[in-house]
Structures are given as C-alpha cells and as structure tokens.
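Given next are the chains, with one letter for each unit.
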Amino acid sequence: MNMETYRNKKKNKDKRHFKRVYNMEAPAFFFYLANIPSTLMKALIKAVRNQDMSRPFYDLINIAKIRKHIIYYKRKKANESEKVYFKYYIGEHYIEVRVLFGRKMPESEYEQLIQVCGTTTQMYHSVLSRKDGYYSFCLYHDPIPQKCIVVDEEKHEICVGQDYQGAVMWDFDIHSCALIAGKPRNGKSSVIMYLLNSLVQADWDIWLIDGKDVDYIAYIDYFTEYVGNDDLSQVIDLIERFHQQMVNRYGLMHDHRVNKYVKLGLHPKFLICDEYLSVIERIKKECTKAEYEKVIYMIGDIVRRGPAGGIQLVLGMQRADTVYIPGEMRSNMQCKIVVGDGGNDLYKMMFEDESDICVPVEIGHAWYRMGSAPRTMAIPFYETMEVVKEHEAAEHV
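So, on to the overall build of the protein. Assigned secondary structure in the protein consists of 12 helices and 16 strands. The 397 residues of the protein split such that 44% are buried. Long-range pairs, those at least 24 residues apart, make up 63% of the contacts in the protein between residues at least 6 apart in sequence. Approximately 22,400 Å² of the protein is accessible, and the part contributed by carbon and sulfur atoms is 52%.

Listed below in structure tokens is the structure:
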C-alpha cells in the first residue's frame, strides 16, 4: 500500500465522524413549532402598537362595551330573566348591531340605547331601523374631522361640526340663536372660531364681544363691531345698538308689509359673545341695577324676536346658569351645543328631559340638539381665522 492510498483511506474514515447538516432536523422543527404561539403574539402586539391592526382590536373592545350596555338595559329596563337577542357584524368602516328584547319595548328605549353605545364607543351611530324582525343600527368609525368650511348662503346654513354622514349644518332661520356651553379648555372657543371662519367667508355682519379681551382682537378688522370686556360702557352700548338694528328692521318690514327679511334683500346679522357669564356678571356687579335689567331685557328680546328679522345671537359660556339665562330664554335658543365632558347638571340644563342619554365625550366632540333628540358630533380644531389667512395670501398673489 503506497502512501497515497493510505491517505485516501484515512480521509474517508475521518468523514464518518462528521454529520451532514440538514435545513430542518426534528429537534429544530419541534423547537420552532413550540415557539409559533409566542412569535405570533409578539407580532400581534407589535402590529397593535404600530396601529396596523388598531381598528379590529378596538372593534372587539367596542363590542364588549355594547354588550355591557345591553346587559344593563336588560336589568334596568326589562327583567333579569328576559331574553335578549343580540347579533353584530364588523365591517370595514362600521359595526352593525341587531338587538331585540324579549318583551316589547318602546322604540325610544332603543334610541337611548344606541345613543349611549355610540357615545361610549366614540363612534357615530345611524338612525334606528327595523330589519329582519330586529332593531338594527350601525356604529361608524369616527374620522378625524376635516377642516372644511361649509356655508350655504342661500339656505342660510352653517357647518358647526361633522358626523358619519358629513357636515352638521345649522339652519339658523329654522333653529334660531345658538348656546354653546362647556367646561374650561373643552373647546368652546374652537366652536366659535369655526363659526367665525364660516361667517367671514359668507361676508355677513359680525358684532363680537370678546369676553377674554384677547382671543379675537387680532381679527378686529373683519368684524362689523368689536369690543372687549375691559370697558363695560362700550359693551352695553354695543348691545343697545345691535338691539336697535333689530327694531329698525322690524319697522322696515312693517312698512313694506313683509314677514321675512330676505324678501327685502337683507342679510343676517350676528351678535357673538364669548364668555357671556363673565361679561354679564361684571355688568351686574359694577353697573346700576337699571342698566343690568335693561341689558337682560335686550338680550332676551333679541332671542325672542330677532330671528324673524335675521338677527341672531350666539352665546358661549361655561354653565347655563338660570340666573343669567332664564328657562324661557334658553328654550328659545334652539341650537344648543355642549362640548367635551359637560357633566350631568349642564346636560340637564341644556337638554332638559332628554339629558339622560348624554354621557361625557372626549375633547373635540360635542352633544348638540337642533329640534331633534341630542346627538354627537366631532368639531374640527380651528385655533385661528384660517379664512382670513387665505384671503390675505390671495391678495398678496
């Protein structure tokens, strides 16, 4: 045996001490198989944190909330042993819910149920309908409110918010005068700023009382009249002159024998007072009783008689105190908005008998009522007069 043959035999013998490496051996296979659940869970958690799967994840949470409210209604509105038929379907942009209590319940009870479900899940709800023997409604995902200013100058409608159907329009010829209430830092000024953007675009007269003195002073050139809260004599004078504008319009309408101001080609006029309570409390404390009573009378007269002449009043306040906003005056203000978490007392003051369906909503949302039952909406965030900026930019071009 020569040296070369010996080396080849030794080489082949050494190969027997090595094992071939395969792509997947049995131990490795079972190792990876056992780690599949934890791997999937880690991937799911990562996806939820990245909000890639946030909608399905929160849909399941919302379904749990809806079921909780149905159980509550079963216990409180019906009987403990009552059968409740409940079915849901999760769509791409909505959750469809069908529910039927064993005993016959009035439709108003179902309406209250969907209001509560819609608010606690922060989703917009559709109207109640009868479908396949069940009461059916849909909860739509709350889109981020788009900054769109919608004004219908012919119908006299202004957008005050948005829901799943689109713009929520305030027809101030039908639902006259607006009362906007809410706790501090909950979005009252944002609603008023949203209104001001629309009114400036429509080029209607705006008389403004700035309760904080500084919120709207940068846009003083775009108001017909503007006063701050520092000089009460100017505030009272502005209210008197605005009230006189209403009296003059009624005289003109009487002379021409018409019952609608639009028949004379007249345009709406708006008196907007932000932080109304701050203004009226200062008038009560620092002015004479006769001056205070005169101001209260003029404001009440504007609310009662102004809308027929195109005279509108918009008040922003933290609470609808009956001392300064009597029940009769509050009832005549037919557009009511409560922003953010208003609290039970404020809901009751604003919506009276229908306040039991109202639950707190997040900042950027509000309960509103214009004729029908209270509903929820989202409010686009306007911190400045963006319409003014657009006009100024166009003029420079």
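Turning to a nonpolar patch on the surface, a few remarks are in order. Taken together, Phe29, Phe30, Leu33, Ile36 and Leu40 make up a surface patch of nonpolar side chains, about 510 Å² in accessible area. Put simply, the parts of the chain that give the nonpolar patch at least two residues each are helix H2 (26-34) and helix H3 (36-49). Note that Phe29 resides in helix H2.

Attention shifts here to the packing of aromatic side chains. A complete count under the given rule lists nine aromatic pairs for this structure. Plain terms: the ring middles of Trp170 and Phe270 are 6.4 Å apart, the flat faces sit at 75° to each other, and that makes the pair edge-to-face. Here the residue Trp170 occupies a position in strand E8 (residues 166-171), and Phe270 occupies one in strand E12 (residues 269-274), the gap between them amounting to 100 residues. A relative accessible area of 1% means that Trp170 is categorised as buried. Between Tyr347 and Phe351 the ring centres are 6.5 Å apart and the planes differ by 20°, which places this aromatic pair in the stacked class. Here Tyr347 pairs with Phe351, and both are found in helix H11 (residues 344-351), just four residues apart, close to one helical turn. We note that Tyr347, like Phe351, is buried. In textbook terms, an aromatic cluster arises when at least three aromatic residues are bridged by ring pairs, as seen for Trp170, Phe172, Trp204 and Phe270.

Before going further, it helps to examine the packing of helix H8 (residues 276-286) against helix H9 (residues 289-305). Running from N to C, H8 and H9 cross one another at 145°; their axes reach a closest spacing of 9 Å. Across from Tyr276, Ile280, Ile283 and Lys284 in H8, the residues of H9 making contact are Tyr292, Val295, Ile296 and Ile299. Class assignment of the residues belonging to the contact of H8 with H9 gives a composition of seven nonpolar, no polar and one charged.

What follows is about unusual backbone geometry. Glycine aside, a negative phi is what most residues show, and trans is what most peptide bonds show. The phi angle at Cys177 is positive, at roughly 60°, despite the residue not being glycine. Along the chain, the position of Cys177 falls in the loop between E8 and strand E9 (178-181). We classify Cys177 as buried; its relative accessible area is 0%. Located in the positive-phi region is Asp203, a residue other than glycine, with phi close to 65°. Inspection of the secondary structure puts Asp203 in the loop between helix H6 (188-202) and strand E10 (205-210). You can call Asp203 exposed: its relative accessible area is 66%.

This part covers the nonpolar core. In terms of nonpolar packing, the biggest core is built from 44 residues, with Ile209, Tyr276, Ile283, Leu313 and Leu315 touching the most fellow members. Residue assignment for this core shows that the elements contributing at least two residues are E9, E10, helix H7 (232-256), E12, H8, H9, strand E13 (311-317) and H11. When residues in this core are grouped by element, the largest group, seven residues, is from H7. Other than its neighbours up to four places away in sequence, Leu315 contacts Ala178, Leu179, Ile180, Cys273, Tyr276, Ile325, Met329 and Met333. Ile158, Leu196, Leu199 and Phe270 belong to the second largest nonpolar core, which has 35 residues in total.

Among all positions of H11, only Leu346, Tyr347, Met350 and Phe351 are buried. An end-on view of H11 places all buried positions within 105° of arc, on one side of the element. The outward face of H11, more than 90 degrees from its buried face, is lined by the exposed residues Asn344, Asp345 and Lys348. On the buried face of H11, the contacting elements are E9, strand E14 (335-339) and strand E15 (365-369). Following H11 by one or two positions, Glu352 adopts a phi angle in the positive range, close to 55°.

This paragraph deals with the environment of Gly316. Its place among the elements puts Gly316 in strand E13. The buried category is assigned to Gly316, whose relative accessible area is 0%. Residues Gly316 and Glu275 lie 41 residues apart in sequence; the distance between their C-alpha atoms is 5.4 Å. When near neighbours in sequence (up to four residues on either side) are disregarded, Gly316 contacts Ile180, Ile192, Cys273, Asp274, Glu275 and Tyr276.

Another aspect to go through is the confidence of the model for the protein. With 76% of its residues at a pLDDT of 70 or more, the protein has an overall mean of 77. Of the regions scoring below 50 in pLDDT, residues 15-22 engages in one contact with residues more than four places distant in sequence or in other chains. Ignoring residues within four places in sequence, the model shows residues 391-397, a span with pLDDT below 50, making one contact including any to other chains.

What follows deals with the environment of Leu208. Within the secondary structure, Leu208 is located in strand E10. Through-space distance from the C-alpha of Leu208 to that of Leu271 is 5.8 Å; in sequence the pair is 63 residues apart.

Let's shift gears to H9. For H9, with 17 residues, the first-to-last C-alpha span of 24 Å sits near the 24 Å given by 1.5 Å per residue. The complete set of buried residues in H9 reads Tyr292, Val295, Met298, Ile299, Gly300, Asp301, Ile302 and Val303. Elements in contact with the buried residues of H9: H7, E12, H8, E13 and helix H10 (327-332).

Turning next to the side chain of Ser136. Relative to the elements of secondary structure, Ser136 occurs in strand E5 (residues 134-140). Among residues more than four places away in sequence, those in contact with Ser136 are Glu96, Val97, Arg98, Val127, Leu128, Ser129 and Lys131.

Cut-offs used in this document
- Residues numbered from 1 in each chain as written.
- Predicted model: local features only at pLDDT ≥ 70, side-chain atom pairs only at ≥ 80, totals over all residues.
- Heavy atoms only, no water.
- Helix = DSSP H or I, 4+ residues; strand = E, 2+ residues; numbered from the N terminus.
- Buried < 20%, exposed > 50% of the residue type's maximum accessible area, 1.4 Å probe, protein only.
- Contact = heavy atoms within 4.5 Å.
- Areas by Shrake-Rupley, 256 points an atom, 1.4 Å probe, with all protein chains shown as cover.
- Patch = residues over 30% accessible without salt bridge, like charges linked within 9 Å, V, L, I, M, F, W, Y side chains within 5 Å.
- Salt bridge = Lys/Arg side-chain N within 4 Å of Asp/Glu carboxyl O.
- Phe/Tyr/Trp six-rings, centres within 6.5 Å; stacked < 30°, edge-to-face > 60°.
- Axes fitted to C-alpha atoms, helices over the stretch in contact; angles between N-to-C directions.
- Nonpolar A, V, L, I, M, F, W, Y, C, P; charged D, E, K, R; others polar.
- Core = buried A, V, L, I, M, F, W, Y, C linked by side-chain atoms within 4.5 Å.
- Arc of directions from axis to C-beta.
- pLDDT = per-residue confidence, 0-100.
- Expected span 1.5 Å × (residues − 1).

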